[in-house]
Amino acid sequence: MKLVAGVDIGNATTETSIAKFYNDKKIEFISSGIVKTTGMKGTRQNIHGIFSSVKQALDKVGLSIEDLNLIRINEAAPVIGDVAMETITETIITESTMIGHNPSTPGGLGLGVGTTININNLHEISNKDPLIVIIPSTVDFMEASEKINREFNNGRNIVGAIVQRDDGVLINNRIFKKIPIVDEVTLSEKVPLGMRAAVEVAPVGGVVEVLSNPFGIATAFELTPEETKMIVPIARALIGNRSAVVIKTPKGDVQERIIPAGKINVTGEKRRKSIDVDEGAEEIMKTLEFCSPIKDISGEPGTNAGGMLERVRQVMANLTGQNPGAIKIQDILAVDTFVPQKVKGGLANEFSMENAVGIATMVKADKLQMQAIANELEKQLGVLVEVGGVEADMAIRGALTTPGTNVPLAIIDMGAGSTDASFMSKEKRNKSIHLAGAGNMVTLMINTELGLDDIDLAEDIKKYPLAKVESLFHVRHEDGTVQFFENPLDPKVFGKIVILKEGNMVPIPGDNTLERIKTVRRFAKEKIFVTNALRALTTVSATGNIRDIEYVVLVGGSALDFEIPQLITDALSKYGVVAGRANIRGTEGPRNAVASGLILSYRKEDDKNE
Ligand code: ADP
Ligand code: MG
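Residues numbered from 1 in each chain as written. Chains lettered and ligands numbered in written order. Predicted model: local features only at pLDDT ≥ 70, side-chain atom pairs only at ≥ 80, totals over all residues. Heavy atoms only, no water.

The protein carries the name Diol dehydratase reactivase subunit alpha in an unreviewed UniProt entry, which gives Clostridium malenominatum as its organism.

Here it is in structure tokens:
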């Protein structure tokens, strides 16, 4: 009898499978282990995680490292999980000002367009032109409303107000004409005077409609089509607010500066082509397809794209002690996305959503590197260690232990950094591929698109469903169903959107609506995993046509997701392909495929030797 461990070092987790090999060739799987991967996949720092994963599996069955005859590790393809969001354009608004904040209680209603004037200087004006009064904190609501009423009586045309204090409603209640009043403008002293401004307040529960529409702003300020194009970021930043102010300053113009995102150069075995990042994700992916199989991918020096790809090369070179020139980027996944960008020229920290391209990269596997890890591990543990096979090939062997599966079969291994696929034909010949982009990129996209700045929170949003706490005794789930509680919920979650995580309610800070969070989440999953599933299967199918694959089994941590398998199943059903989640060895669910495959492939090699 021999005791063998298979260890799969992933970007996120290091999984172990332990089996007994009897002399009559019978294999008995006896235990599994799973721990977080230590260090970047494919580097020496992994050793610590390998040790604890193996130890965890052995402990479960009362065995120790000394009992092992052999450890087989995977030929880990190092993937840099560093996903960058490269903004395509950066918009800088100069000589123009906007206030787009959401005070809790703006006053009045409607839209007013006029010239800005300090309420204390109203006597200086004698004509009947429309005016927007600025009310500094030194003027209280009584004084302000008296002044406004007096001017109304004098026939002055006051059409809106911008208030520093939280007095919007109080002033509104005391004046005899309805005008829009935006309050809590803390920087009101910075509001330029004598300029044309537009103030808009929507009814309770409503959102501004004129100032969130570029043509609405154009109408208020009589802009040319050229100028209208320039104020698009202002309009975008105001979408969804209940109140807004836009002020046109002397030159009144807006400048748009486009920072080159740069070119990506793809070198294939037969073809090479360059593509501008600002052409968008779809064109980038087409270029990749055109050049495949890929030898290397680089970026234009001195641009965003160049910076990112060369950074990946540099990091990998440092980690593996190789020359950066020797590091080849094997694949990238580009996805169109939005990133919130601070609008320069705003007075209340306004953001606008800018187009961006997110890019995940993958570096070519280096077998020598894995051999070095194996040698080191062998020395430290005193157990024979060998590098098993290619990950995707191992995964398919493991996946075939799912009850009810048989060749021909394709698998998609959806991990943290890469999506790997493999196809095994009736003749047991197989073809596999490793693609950049998986669970980490989904998390990153959720993080940036929702402006969370909290990766752990983004990871939870990815993994768990949402609900809105509508009262202290009930929540509305994201599918619309209502759940009641006997005991009051924690007041901290009242009115909040929460993540339903393992029996707890984790509130999500910020003012994203449930619908928006859900949409961003599903879109990220779809863009990354459906795209990669289709790319992967096209490559591994014997004919290059997905339709020729009958069955696909989904493995890896991301196959545990509550939406991803469904999204892929739906997308593949259009090609007549049946897809479903694996259940490795009938017990492990979609996990442990590679680790189990490493053990099963050992039996094959053993057979040959005898
Ligand atoms: P790797 O092989 O790269 O280490 P794994 O197969 O361990 O990756 O999968 C890790 C990925 O799976 C991570 O992106 C993680 O967020 C995701 N993941 C793990 N558990 C779940 C879950 N319950 N729901 C959704 N995603 C999950
Ligand atoms: Mg994996």
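(A) How the structure looks around the pattern of salt bridges. Inspection of the entire model under this criterion finds 22 salt bridges. Two residues, Lys 462 and Glu 459, come together in a salt bridge whose shortest N-O distance is 3.6 Å. Separated by three residues within a single helix, Lys 462 and Glu 459 lie in helix H12 (residues 455-463), roughly one turn from each other. One salt bridge in this structure joins Glu 588 and Arg 585, with 3.8 Å as the shortest N-O distance. The structure contains a network of salt bridges with shared partners spanning Glu 478, Arg 521, Arg 522, Lys 525, Asp 561 and Glu 563. (Salt bridge = Lys/Arg side-chain N within 4 Å of Asp/Glu carboxyl O. Helix = DSSP H or I, 4+ residues; strand = E, 2+ residues; numbered from the N terminus.)

(B) Expanded view of the sheet that holds strand E4 (residues 70-75). Pairing in this open sheet of five strands is mixed, and the strands run E3-E2-E1-E4-E20 from one edge to the other. What marks the edges here is a single partner per strand, and that holds for strand E3 (27-36) and strand E20 (385-390). Averaged over all neighbouring strand pairs, the angle between strand axes comes to 25 degrees, with direction disregarded. When E4 meets E20, the two strands line up parallel, connected through four bridges. By the bridge assignment, Arg 72 is partnered in E20 with Glu 386. On top of the sheet, helix H1 (residues 46-60) reaches strand E1 (2-9), strand E2 (13-21) and E3; it is set at about 135 degrees to E3, its chief contact. Contacting E1, E4 and E20, helix H10 (residues 391-399) crosses the sheet at an angle of about 85 degrees to E20. (Pairing = 2+ DSSP bridges. Axes fitted to C-alpha atoms, helices over the stretch in contact; angles between N-to-C directions. Contact = heavy atoms within 4.5 Å.)

(C) Region of the structure containing the sheet that holds strand E30 (residues 578-581). Within the open sheet, the five strands sit side by side as E23-E22-E21-E29-E30. Their pairing is mixed. At either margin of the open sheet sits one strand with a lone partner, and together these are strand E23 (430-436) and E30. The mean inter-strand angle of the sheet, taken between neighbouring strand axes irrespective of direction, is 15 degrees. As paired elements, strand E22 (residues 418-424) and E23 share seven bridges and run antiparallel to each other. Residue pairing for E23: Ala 421 is matched across the bridge by Ile 433. Here H10 sits on the sheet in contact with strand E21 (409-414), E22, E23 and strand E29 (551-555), set at roughly 65 degrees to E22.

(D) Quick look at the site of ligand 1. The immediate surroundings of ligand 1 are formed by 18 residues, with Ala 12, Thr 13, Glu 459, Lys 462 and Gly 557 found nearest. A distance of 3.1 Å separates an oxygen atom of ligand 1 from a polar backbone atom of Asn 11. In this structure, an oxygen atom belonging to ligand 1 sits 2.5 Å away from a side-chain N or O atom of Thr 13. The fraction of the free accessible surface of ligand 1 (570 Å²) that becomes covered by protein chains is 87%. Counting residues per element, the ones that place at least two in the shell around ligand 1 are helix H11 (439-449) and H12. Top contributing element to the shell around ligand 1 by residue count: H12, with three residues. Considered class by class, the residues forming the shell around ligand 1 number three nonpolar, ten polar and five charged. Per-domain counts for the shell around ligand 1 show at least three residues from each of domain 1 (1-77 + 366-399 + 586-610) and domain 4 (451-513). (Near = heavy atom within 4 Å. Polar contact = N/O pair within 3.5 Å; in protein donor to acceptor, adjacent residues only side chain to side chain. Areas by Shrake-Rupley, 256 points an atom, 1.4 Å probe, with all protein chains shown as cover. Nonpolar A, V, L, I, M, F, W, Y, C, P; charged D, E, K, R; others polar. Domains from an automatic or database assignment.)

(E) Summary view of the nonpolar core. Of all hydrophobic cores here, the largest spans 75 residues; its most connected members are Ile 264 and Val 552. A total of eleven residues in this core trace back to one element, the largest contributor, which is helix H13 (residues 514-540). Setting aside residues up to four positions removed in sequence, Val 552 forms contacts with Ala 410, Ile 412, Leu 537, Leu 572, Val 577, Val 578, Ala 579 and Gly 580. Membership of the second largest hydrophobic core comes to 23 residues, among which are Ala 57, Ile 373, Leu 377 and Val 383. (Core = buried A, V, L, I, M, F, W, Y, C linked by side-chain atoms within 4.5 Å. Buried < 20%, exposed > 50% of the residue type's maximum accessible area, 1.4 Å probe, protein only.)

(F) The arrangement of the packing of aromatic side chains in detail. Evaluation of the coordinates by the stated rule reveals two aromatic pairs. Summarising the aromatic geometry, the rings of Phe 21 and Tyr 602 are spaced 5.1 Å apart at their centres and angled 75 degrees between planes, so their arrangement reads as edge-to-face. Here Phe 21 is found in strand E2, whereas its partner Tyr 602 is found in helix H15 (residues 593-609), with 581 residues between them in sequence. For the pair Phe 21 and Tyr 602, a shared accessibility class is recorded, and that class is buried. Above the face of the Phe 290 ring, Arg 271 is positioned so that its terminal group lies 4.3 Å from the ring centre. (Phe/Tyr/Trp six-rings, centres within 6.5 Å; stacked < 30°, edge-to-face > 60°. Lys NZ or Arg CZ within 6 Å of the ring centre and 35° of its normal.)

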